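Below, each chain spelled out in residue letters.
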Amino acid sequence: MTLNAPLPDADVVIVGCGPSGMTAAVTLAEAGRSVIVLDMQPCPGGQIFRNLEANLCDASPAGQSLLAALGPAYRAGADLIRRFRAFSGACSGIDYRPQTTVWEVRPDGTVGWLQGMNAGYVRGRQVLLAHGAMERPVPFPGWTLPGVMTAGAVQTLLKAGRLKPSGRVVLAGTGPLLLLLANQLHQLGVKPALVGRTDRFSDAVRAARHLRPGGVLPLVKGLGWLGRLKLAGVETLTGLETLAAHGKDGVESVSFTVGGKRRTLPCDLLIVHDGIVPAIDIPNAAGLRLQWDGPNASWRPETTVDGLGRSSLPPEFYAGTCVLRVTGDARKIGGADAAMAHGVVAAQAILAALDHGRGPSGAALRAVGKTLAVRPFLDAAFPPGLARELPGDETIVCRCEELTAGDLRAKIRSGFRNMDALRGETRCGMGPCQGRSCMVTAARLLEDETSAAGCPPTFRGRPPIRPIPLGAVARLSGLDPRATIRLTLEDKPENAPESGSEHGAEDMVDVPAH
């Protein structure tokens, strides 16, 4: 039996339509390549340029006030979005598919997609993962209470919902985004009651040795944010520790320690942020090799400088060439400018792979290095804070299954010393988030309890990466016929002809299922 492999649907499939995904798509389309872009959001921009098109078109006073508060870095994405739109029309090179969830990626270039109740597979000769980053999960007492949100979630409500908070707002954590959001809220008429930072002045002093000329402008921008908050009378403090949220049906107050003294403040909205890390759910499920970033307490894909990933799957699962690349913040946190610069590098590498060319230009590689020059300083100045210490036994770690750190510690001590065994026993990581919120904490707990060294293990990734309705699975399109048929001779005598067939068993082919 001979079954032909499906033909590619495009030269390149790109997952994500943020700065890096759009830049790569435009670069590839300009070179005459066919591109499919799959993105969960209803319009291009990613988290950084979320809903920019609609906000630019809003001439109302409220709309203009929002644009002014979000600042020039937000509006800077307009030109890139226009260029992307120019190529995403009919027969223009980019097949743009918004509101499409990616639920499976394979190293051979197969990508599973879901749009409403329709699902299927598309295939690219090359696949570029530009799915972005996520905020570092920060389990602390009360973090699951209504009224506790991340900085990214608040920015989403500002940009896409044009909503702003009210009441007593407290911001806690570390990183430039925390200071940026505090300034944006103040410009919109929401004066934070407190901006509590886990980083200290000593962190900034130690980080100074990493400062390079390319990092001076971001530093000046950050000092400007701090200055404006001080002039506005917003209380700011550093060295915040042991944060906790309190309340019955929602957050009512927050408590924390600064300088050895415990403080409690009334609070209607607690905004937390402990830095940004690459989103590894797709690379992990695709079987790409990951590496542990100790200073940032997170994983990131192990790639070449141009983003090419390495498959960690054993040969019996996949022995072919890996055609998956990772770009933008999904590869290494750097912000919009770095994401766009690396999007060009990844696109040039893909063109070289398709045409057997030379690879990314020296100018493109230098541009990436320039935009990432500030990262060592930022990483040292804003180390993980809220997530620095492992949570106490009473703190929930897995929100989906309401498992506490004590639950996980007890299971580890009873003998479940493997991440997948721990998941199977407790269901930690089996909820809708598929481990995005709990995996890193569970891995650190396992490492702590077993005194293991090296890279903390992950849950073994497997599809679906995100929930998919069974009705959509029943109507999957684009199936690989080789993955839907499995012939086995285990229950038949050797060389015996199959019943009703003129061929012997030696003519059969055992086709492995994916």
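Here the structure is a predicted model, which means the values were calculated and not measured.

### Here we look at the overall build of the chain
Link 1 in the chain: Summing up its helical and strand segments, the chain has 18 helices and 21 strands in all.
Link 2 in the chain: At 25 Å, the chain has a C-alpha radius of gyration in line with the 24 Å of a compact globule built from 514 residues.
Link 3 in the chain: If one aligns the C-alpha atoms of the chain with their principal axes, the spans along those axes are about 85 × 60 × 45 Å.
Link 4 in the chain: Evaluated residue by residue, the chain yields a buried proportion of 49% over its 514 residues.
Link 5 in the chain: A sequence separation of at least 24 residues applies to 67% of the contacts in the chain between residues at least 6 apart.

### Side note on the environment of R300
Link 1 in the chain: Its location among the elements puts R300 in strand 18 (residues 298-301).
Link 2 in the chain: Taking the C-alpha atoms as reference points, R300 and P283, separated by 17 residues in sequence, lie 8.8 Å from one another.

### Some details on the nonpolar core
Link 1 in the chain: Judged by nonpolar contacts, the single largest core of 52 residues is most densely connected at I14, V37, F84, L171 and I271.
Link 2 in the chain: Leave out the neighbours within four places in its chain, and I14 touches G21, A24, A25, L28, V35, I36, V37, L38, L128 and A130.

### Some remarks on the sheet that holds strand 9 (residues 169-174)
Link 1 in the chain: Strand order in this open sheet of 5 strands is 8-15-9-10-11, and the pairing throughout is parallel. Where the open sheet ends on each side, the last strands, each with one partner, are strand 8 (148-150) and strand 11 (236-237).
Link 2 in the chain: In terms of strand pairing, strand 9 meets strand 10 (residues 194-197) through 4 bridges, oriented parallel. Across the sheet, residue A172 finds its bridge partner in strand 10, namely G196.
Link 3 in the chain: On the sheet, helix 7 (residues 176-187) packs against strand 9, strand 10 and strand 15 (269-274) and is oriented at approximately 160° with respect to strand 9.

### A look at the pairing of strand 3 (residues 94-97)
Link 1 in the chain: Along strand 3, the buried face is formed by I94 and Y96; none of D95 and R97, which line the opposite face, is buried.
Link 2 in the chain: Examined bridge by bridge, strand 2 (residues 35-38) and strand 3 share 4 bridges and lie parallel to one another. Along strand 3, the bridge assignment pairs L38 with R97.

### Section: the packing of aromatic side chains
Any pair of aromatic rings gets described here by the distance separating the centres and the angle formed by the planes.
Link 1 in the chain: If you walk through the whole model with that rule in mind, you get 3 aromatic pairs.
Link 2 in the chain: Measuring from centroid to centroid gives 5.5 Å for W103 and Y121, while their planes differ by 50°, and the two rings are tilted. Highlighted residues: W103 in strand 4 (residues 101-105) and Y121 in strand 6 (residues 118-129), separated in sequence by 18 residues. The two residues W103 and Y121 agree in class, both being buried.
Link 3 in the chain: For the pair W292 and W299, a centre-to-centre distance of 5.1 Å together with 70° between the ring planes defines the contact as edge-to-face.
Link 4 in the chain: We classify W292 as partly exposed; its relative accessible area is 24%.

### What about the pairing of strand 13 (residues 253-258)?
Link 1 in the chain: In terms of burial, strand 13 is largely enclosed, as 5 of its 6 residues are buried.
Link 2 in the chain: Count of turn residues in the strand 12 (residues 241-246)/strand 13 antiparallel hairpin: 6 residues, of which G247 carries a positive phi of about 160°.
Link 3 in the chain: Summarising the sheet, strand 13 and strand 14 (residues 261-266) pair through 6 bridges and their orientation is antiparallel. When the sheet's bridge partners are listed, S255 is paired in strand 14 with T264.

### What about unusual backbone geometry?
When glycine is set aside, most residues are seen to have a negative phi, and most peptide bonds are trans.
Link 1 in the chain: In this chain, P463 is followed by P464 through a cis amide linkage whose omega measures 0°.
Link 2 in the chain: Mapped onto the elements of the fold, P464 is located in the loop between helix 16 (439-450) and helix 17 (470-474).
Link 3 in the chain: Of note in this structure, N51 is not a glycine but carries a positive phi near 60°.
Link 4 in the chain: Using a relative accessible area of 15% as the deciding quantity, one classes N51 as buried.
Link 5 in the chain: Backbone geometry places T242, a non-glycine residue, at a positive phi of 45°.
Link 6 in the chain: Positionally, T242 belongs in strand 12.

### Quick look at the sheet that holds strand 14
Link 1 in the chain: Strand order in the open sheet formed by 3 strands is 12-13-14, and the pairing between neighbours is antiparallel. The open sheet is flanked by strand 12 and strand 14, the only strands paired with a single partner. Strand-to-strand twist in this sheet, taken as the mean axis angle between neighbours without regard to direction, amounts to 15°.

### Topic: the environment of A24
Link 1 in the chain: Looking at the element boundaries, A24 is found in helix 1 (residues 19-30).
Link 2 in the chain: Taking the relative accessible area as the measure of exposure, A24 reaches 0% and is therefore buried.
Link 3 in the chain: When the C-alpha positions of A24 and L128 are compared, they lie 8.6 Å apart, and in sequence the two are 104 residues distant.
Link 4 in the chain: Non-local contacts of A24, meaning those with residues more than four positions away in its chain, are made with I14, L128, G343 and A347.

### Focus on the side chain of R331
Link 1 in the chain: Mapped onto the elements, R331 comes out in the loop between strand 19 (324-326) and helix 11 (335-355).
Link 2 in the chain: Notably, R331 is buried but unbridged: the nearest opposite-charge side chain belongs to D306, and the N-O separation is 7.3 Å.
Link 3 in the chain: Among the polar contacts listed, one links the side chain of R331 to the side chain of T303, at a separation of 2.9 Å.
Link 4 in the chain: In this view, R331 contacts P278, R300, P301, T303, T304, V305, G307, V326 and H342; residues no more than four positions away in its chain are not counted.

### A closer look at helix 7
Link 1 in the chain: Here helix 7 contains 12 residues, and its C-alpha end-to-end distance of 17 Å stays within 8% of the 16 Å for a straight helix at 1.5 Å per residue.
Link 2 in the chain: Buried within helix 7 we find L177, L178, L179, L181, A182, N183, Q184 and L185.
Link 3 in the chain: A positive phi of about 90° marks G189, the residue just after helix 7.

### A closer look at the confidence of the model for the chain
Link 1 in the chain: Residues at a pLDDT of 70 or more form 93% of the chain, whose mean pLDDT is 91.
Link 2 in the chain: In this model, residues 496-514 is a region of pLDDT below 50 whose contacts with residues beyond four sequence positions or in other chains number 27 contacts.

### Digging into the environment of D274
Link 1 in the chain: Summarising the element assignment, D274 is placed in strand 15.
Link 2 in the chain: A relative accessible area of 1% places D274 in the buried class.
Link 3 in the chain: As for D274 and P176, which are separated by 98 residues in sequence, their C-alpha atoms are 10.0 Å apart.
Link 4 in the chain: Ignoring anything within four residues of it in the chain, the contact list for D274 reads R136, V138, T174, T198, P384, G385, L386 and A387.
Link 5 in the chain: Here G385 takes part through its backbone nitrogen, which lies 2.8 Å from a polar atom of the side chain of D274.
Link 6 in the chain: At 3.1 Å, the side chain of D274 and the backbone nitrogen of A387 are in polar contact.

Rules behind the numbers
Within each chain, residue numbers correspond to sequence positions counted from 1 in written order. The model is predicted, so local features are restricted to residues of pLDDT at least 70 and side-chain atom pairs to those at 80 or more, both for listing and for counting; the totals for chains, interfaces and linings are taken over all residues. Hydrogens and water molecules were not included; the side-chain quantities draw on all heavy atoms of the structure. Only runs of H or I of at least four residues qualify as helices and only runs of E of at least two qualify as strands under DSSP, and these elements are numbered from the N terminus. Both definitions apply: the radius of gyration is a C-alpha atom measure, and the globule rule equals 2.2 Å times residues to the power 0.38. Residue exposure (1.4 Å probe, protein chains only): buried if accessible area is under 20% of the type maximum, exposed if over 50%, otherwise partly exposed. Throughout, a contact is declared for two residues whenever any of their heavy atoms are within 4.5 Å. Only buried residues count toward a nonpolar core, which is a set of Ala, Val, Leu, Ile, Met, Phe, Trp, Tyr and Cys residues joined through side-chain atoms within 4.5 Å. If DSSP finds at least two bridges between two strands, the strands pair. Every axis corresponds to a line fitted to the C-alpha atoms, with the helix fit spanning only the stretch in contact, and the corresponding angles, defined between N-to-C directions, vary from 0 to 180 degrees. Here the aromatic set is Phe, Tyr and Trp, taking the six-membered ring for Trp, and pairing holds for ring centres within 6.5 Å; pairs whose planes are under 30 degrees apart are stacked, those over 60 apart are edge-to-face, and all others are tilted. As used throughout, the charge tally considers Lys and Arg to be positive and Asp and Glu to be negative, leaving His and the chain termini uncounted. By definition, a salt bridge exists where a carboxyl oxygen of Asp or Glu is found within 4 Å of a side-chain nitrogen of Lys or Arg. Think of a polar contact as two N or O atoms within 3.5 Å of one another; within protein, one of them needs to be a possible hydrogen donor and the other a possible acceptor, and neighboring residues in sequence only count if both atoms come from side chains. What a helix is expected to span follows from its residue count: subtract one and scale by 1.5 Å. pLDDT runs from 0 to 100 and stands for how confident the predictor is about each residue.

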